[in-house]
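# Descriptive structure summary
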Amino acid sequence: MSDDTVHDEVESLLGAYALDAVDDDERALVESHLEGCPRCRAEVDAFMEVAAALGNSIDPVPPELWARIGGRLDLSAPGDATLLEIRAKARQQIAGFAPRRVGAGATAVAARWQRRAMVAAAAAAAVALALVSLSLSNANSRVDQLQALAAARGAGAAAQAALADPAHRLVELRGPGGAQLATVVVSPTGTGYLLASHFAPLPGTQTYQLWARIDSRPISLGLLGPRPARDAAFTVGTAASALLVTVEPAGGTVRPSGSPVAVGPVTA
Amino acid sequence: MEEEQASLLSDAQLVVAVGRFREDALAEVYRRHGGAIYGLARRVTGDGAEAEDVVQEVILRLWSRPDAFDPSRGSLRSFLLAQSHGRAVDAVRSRAARQRREGREVPTPSGYDIEHQVWDLVLADQVAKAISSLPEEERAPIELAYFGGHTYREVAVLLSQPEGTVKSRIRSGLRKMRGVLADSGVSG
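Residues numbered from 1 in each chain as written. Chains lettered and ligands numbered in written order. Predicted model: local features only at pLDDT ≥ 70, side-chain atom pairs only at ≥ 80, totals over all residues. Heavy atoms only, no water.

## Concerning the overall build of chain A
The cut-off we apply is this: What counts as a helix is a DSSP run of H or I of at least four residues, what counts as a strand is a run of E of at least two, and both are numbered from the N terminus. Throughout this description, buried means an accessible area under 20% of the type-specific maximum (1.4 Å probe, protein chains only), exposed means over 50%, and partly exposed covers the range between. Contacts are assigned to residue pairs that have any heavy atoms within 4.5 Å of one another. The Shrake-Rupley method, run with a 1.4 Å probe, gives the accessible areas here. Residue values count only the displayed protein chains as cover.
Helices and strands together make up the secondary structure of chain A, namely 8 helices and 8 strands. Per-residue burial over chain A gives 46% buried out of 268 residues. Excluding contacts between residues fewer than 6 apart, the proportion of contacts in chain A whose partners are at least 24 apart in sequence is 54%. In the form shown here, chain A has an accessible surface area of approximately 12400 Å², with 56% of it arising from carbon and sulfur atoms.

Written out as structure tokens, the structure is:
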């Protein structure tokens, strides 16, 4: 087939393709064509959005399912059912499935959705379906954006507020030799902030990774980077018995690859 | 560097956080979109247990391959729903080979943000209008393919119509829906 013939053939399949209503051969044909044809790709993307709108629903999230999923995140988890169950419960606690209190968080969410709706209305007049990516259009400099946002909010203020709350907990992370390497304040709601950090800088190929020990299993709280910054924030949850820091390859790992370089008990 | 609470992050930021092994971010993705993923999979498979498997696969895939989501091509909800649909259709097509348990408990409602509900209701309303604005000969093949998990060839047999006709009606129907949705300022 000539390129034009392929294009016409694929074009006629785009609707069915977006609905997963083609057979495997046709799917392969469409997908190889899409790589080199921005026009067909744009049409498929638009159809996929329509399909997603069609398939969008207001079903509530299945409440028990997260426990199953959480239990499979760490592929090395032993097959011991009780342990998995305990860990799953801990994960559920981190996820915070209790109905959200109406407060600052909820307001921000509402504002975001309202903003999204308003932008959507404005964009519709301009370019059909260009609006679908509106809440994501600035995702390119993702990490930078996170950091800028943090800076704008005044890093440290939240940590100070956590310290001011009498129900906060302080966690001192110490190295194997007993040297104090970091102090973390954990707010009553389970958000942690790095107050002081004396970790040695790592080369760019490595990162510090923070873990919570929950029922003797490490759960990743996120990456601290090669030079952990004061006021870094993370979600500790309320079930952690200790915080651990390991050195990992840049990009992080699913589970600790070596012994922790610092450990601190979380006490009530 | 300060990391925000997962509940305050945008969808795109959540995916970045997932890429940095933040499990709270994955949990937030699940909280925001798990219901929709489940709803679609359940509608296509007609089976709660199968739908739960689909949700699990979709969420675990995001955990292991967050880079597969390309924000320039659409929203996270659309991406997850496309994954959900593809897997649900696979499940339907290979059902003969699968043994399914019956009588799964129907999930009870949980904390699903009221703001999302409002948005979803607006969306559902617009989508209902869009699909009902289509002539029957375009609406039927789209619904049979999308919700029935049928290929367009199977739809052609079901409707006793030529394959080429079904193919082009699906496409023209989707184009019209796209126009209606864009005009109403709503999309996936």
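## Quick word on the pattern of salt bridges
The cut-off we apply is this: What makes a salt bridge here is a side-chain nitrogen of Lys or Arg within 4 Å of a carboxyl oxygen of Asp or Glu, nothing more.
Summed over the entire model, instances satisfying the criterion amount to 21 salt bridges over all chains. A salt bridge links Arg153(B) to Asp23(A); the shortest N-O distance between them is 2.8 Å. Placement of Arg153(B) in helix H7 (residues 152-159) and of Asp23(A) in the loop between helix H1 (3-18) and helix H2 (24-34) is noted, with the two residues assigned to different chains. Judged by its relative accessible area of 31%, Arg153(B) is partly exposed. Take Asp23(A): its relative accessible area is 29%, and that puts it in the partly exposed class. For Arg174(A), the salt bridge goes to Glu172(A), with nearest N and O atoms at 3.0 Å. We classify Arg174(A) as partly exposed; its relative accessible area is 35%. Look at the salt bridges and you will find they share partners, linking Glu11(A), Arg39(A), Glu43(A) and Arg171(B) into a network.

## With respect to the environment of Val58(B)
All names here are of chain B. On the secondary structure map, Val58 appears in helix H3 (residues 48-64). The sequence separation of Val58 and Gln83 amounts to 25 residues, and the corresponding C-alpha distance is 6.4 Å. With near-sequence residues (within four places) excluded, Val58 lies in contact with Ile37, Leu80, Gln83, Ser84 and Arg87.

## Some details on H1(A)
Under the convention used in this document: For a helix, the expected span equals 1.5 Å multiplied by the residue count minus one. We define the bend at each residue as the angle formed by axes fitted to the 7 residues ending at it and the 7 residues starting at it.
A rise of 1.5 Å per residue sets the reference length of H1(A), with its 16 residues, at 22 Å; its end C-alpha atoms lie 21 Å apart and thus fit the reference within 8%. At Ser12(A), H1(A) shows its largest kink, close to 35°. Listing the buried residues of H1(A) in full gives Val6(A), His7(A), Val10(A), Glu11(A), Leu13(A), Leu14(A), Gly15(A), Ala16(A), Tyr17(A) and Ala18(A). Those residues of H1(A) that are buried lie in contact with H2 and helix H3 (38-55) of chain A together with H7 and helix H8 (163-183) of chain B. A positive phi of about 55° marks Asp20(A), the residue just after H1(A).

## Points about the nonpolar core
The test is simple: Within this scheme, the nonpolar core is defined by two criteria: the residues are buried Ala, Val, Leu, Ile, Met, Phe, Trp, Tyr or Cys, and they are joined through side-chain atoms within 4.5 Å.
Counting residues in each nonpolar core, the largest one holds 75 residues, and the members touching the most others are Leu19(A), Ile59(B) and Ile170(B). Top element by residues in this core is helix H2 (residues 23-45) of chain B. It accounts for 11 residues. Excluding residues that lie within four positions of it along the chain, Leu19(A) makes contacts with Ala51(A), His85(B), Ile142(B), Ala145(B), Tyr146(B), Ile170(B) and Leu174(B). Ranked by size, the runner-up nonpolar core spans 24 residues in total, among them Val171(A), Leu194(A), Ala212(A) and Val245(A).

## Topic: the packing of aromatic side chains
Rule in force here: Here a pair means two rings of Phe, Tyr or Trp (six-membered ring of Trp) with centres within 6.5 Å. Their orientation is stacked below 30 degrees between planes, edge-to-face above 60, and tilted elsewhere.
Within this structure, the stated rule accounts for 4 aromatic pairs over all chains. Arranged with centres 5.3 Å apart and planes meeting at 40°, the rings of Trp66(A) and Tyr30(B) form a pair that is tilted. With one member in each of two chains, Trp66(A) in helix H4 (residues 65-71) and Tyr30(B) in helix H2 form a pair that bridges those chains. What makes Trp66(A) buried here is its relative accessible area of 1%.

## Considering the environment of Leu221(A)
By the element assignment, Leu221(A) lies in strand E5 (residues 217-225). Separated by 11 residues in the primary sequence, Leu221(A) and Leu210(A) place their C-alpha atoms 5.5 Å from one another. Discounting chain neighbours no more than four positions away, the residues touching Leu221(A) are Leu210(A), Trp211(A), Ala212(A), Phe234(A), Thr235(A), Val236(A), Leu243(A), Phe21(B) and Arg22(B).

## Quick look at the pairing of strand E7 (residues 242-249) of chain A
Residue and element names in this part refer to chain A. The following threshold applies: The pairing criterion is simple: DSSP has to find at least two bridges between the two strands.
Summarising burial for E7: 6 of the 8 residues are buried, a large majority. Summarising the sheet, strand E4 (residues 206-214) and E7 pair through 8 bridges and their orientation is antiparallel. By the bridge assignment, Ala212 is partnered in E7 with Leu243. Pairing between E7 and strand E8 (residues 262-265): 4 bridges, direction antiparallel. Across the sheet, Leu243 pairs through a bridge with Gly264, a residue of E8.

## Observations regarding a negative patch on the surface
The following threshold applies: Grouping into patches uses exposed residues only, defined as over 30% relative accessible area, and leaves out salt-bridged ones; the cut-off is 9 Å for like charges and 5 Å for nonpolar side chains (Val, Leu, Ile, Met, Phe, Trp, Tyr). The charged-residue count follows a simple rule in which Lys and Arg add positive charge and Asp and Glu add negative charge, with His and chain termini not counted at all. To locate a charge, the coordinates of NZ of Lys, CZ of Arg, CG of Asp or CD of Glu are taken.
Taken together, Asp3(A), Asp4(A), Asp8(A) and Glu9(A) make up a surface patch of like negative charges. Mapped onto the elements, Glu9(A) comes out in helix H1.

## Some words on the environment of Lys176(B)
Residue and element names in this part refer to chain B. Within the element layout of this structure, Lys176 appears in helix H8. Separated by 45 residues in sequence, Lys176 and Ile131 have C-alpha atoms that sit 8.9 Å apart. Not counting the four nearest positions on each side in its chain, Lys176 is found in contact with Leu134, Pro135 and Glu138.

## Side note on the packing of H3(A) against H8(B)
Heads up, the rule is: For helices, the axis comes from a line fit to the C-alpha atoms of the stretch in contact; other axes are also lines fit to C-alpha atoms, and the angle between any two N-to-C directions lies between 0 and 180 degrees. With respect to orientation, any angle under 35 degrees is reported as roughly parallel, any angle over 145 as roughly antiparallel, any angle of 65 to 115 as roughly perpendicular, and every other angle as oblique. Side-chain classes follow a simple rule in which Ala, Val, Leu, Ile, Met, Phe, Trp, Tyr, Cys and Pro form the nonpolar group, Asp, Glu, Lys and Arg form the charged group, and the remainder, Gly included, forms the polar group.
Direction vectors running N to C along H3(A) and H8(B) enclose 75°, while the axes themselves pass 9 Å from each other. Here H8(B) runs roughly perpendicular to H3(A), going by the angle between their axes. For the pair H3(A) and H8(B), contact is made by Glu43(A), Ala46(A), Phe47(A), Val50(A), Ala53(A) and Leu54(A) and by Arg171(B), Leu174(B), Arg175(B), Met177(B), Arg178(B) and Leu181(B), respectively. When its residues are assigned to classes, the contact of H3(A) with H8(B) shows 8 nonpolar, no polar and 4 charged.

## Focus: unusual backbone geometry
For residues other than glycine, phi is negative in most cases, and the peptide bonds are mostly trans. Not every positive phi belongs to a glycine, and Asp20(A) is a case in point at roughly 55°. Assessed through its relative accessible area of 11%, Asp20(A) is described here as buried. Backbone geometry places Ser160(B), a non-glycine residue, at a positive phi of 50°. With respect to the helices and strands, Ser160(B) occurs in the loop between H7 and H8. Owing to a relative accessible area of 69%, Ser160(B) belongs among the exposed residues under this scheme.

## Considerations on the confidence of the model for chain B
Residue and element names in this part refer to chain B. As a reminder, the rule being used: The quantity known as pLDDT measures the predictor's confidence residue by residue, on a range of 0 to 100.
On average, residues of chain B score 80 in pLDDT, and 80% of them are at 70 or above. Segment residues 96-115 is flagged for pLDDT under 50; beyond a separation of four residues in sequence, or across chains, it makes 34 contacts in the model. The ipTM value of the predicted complex is 0.77, and its pTM value is 0.58.

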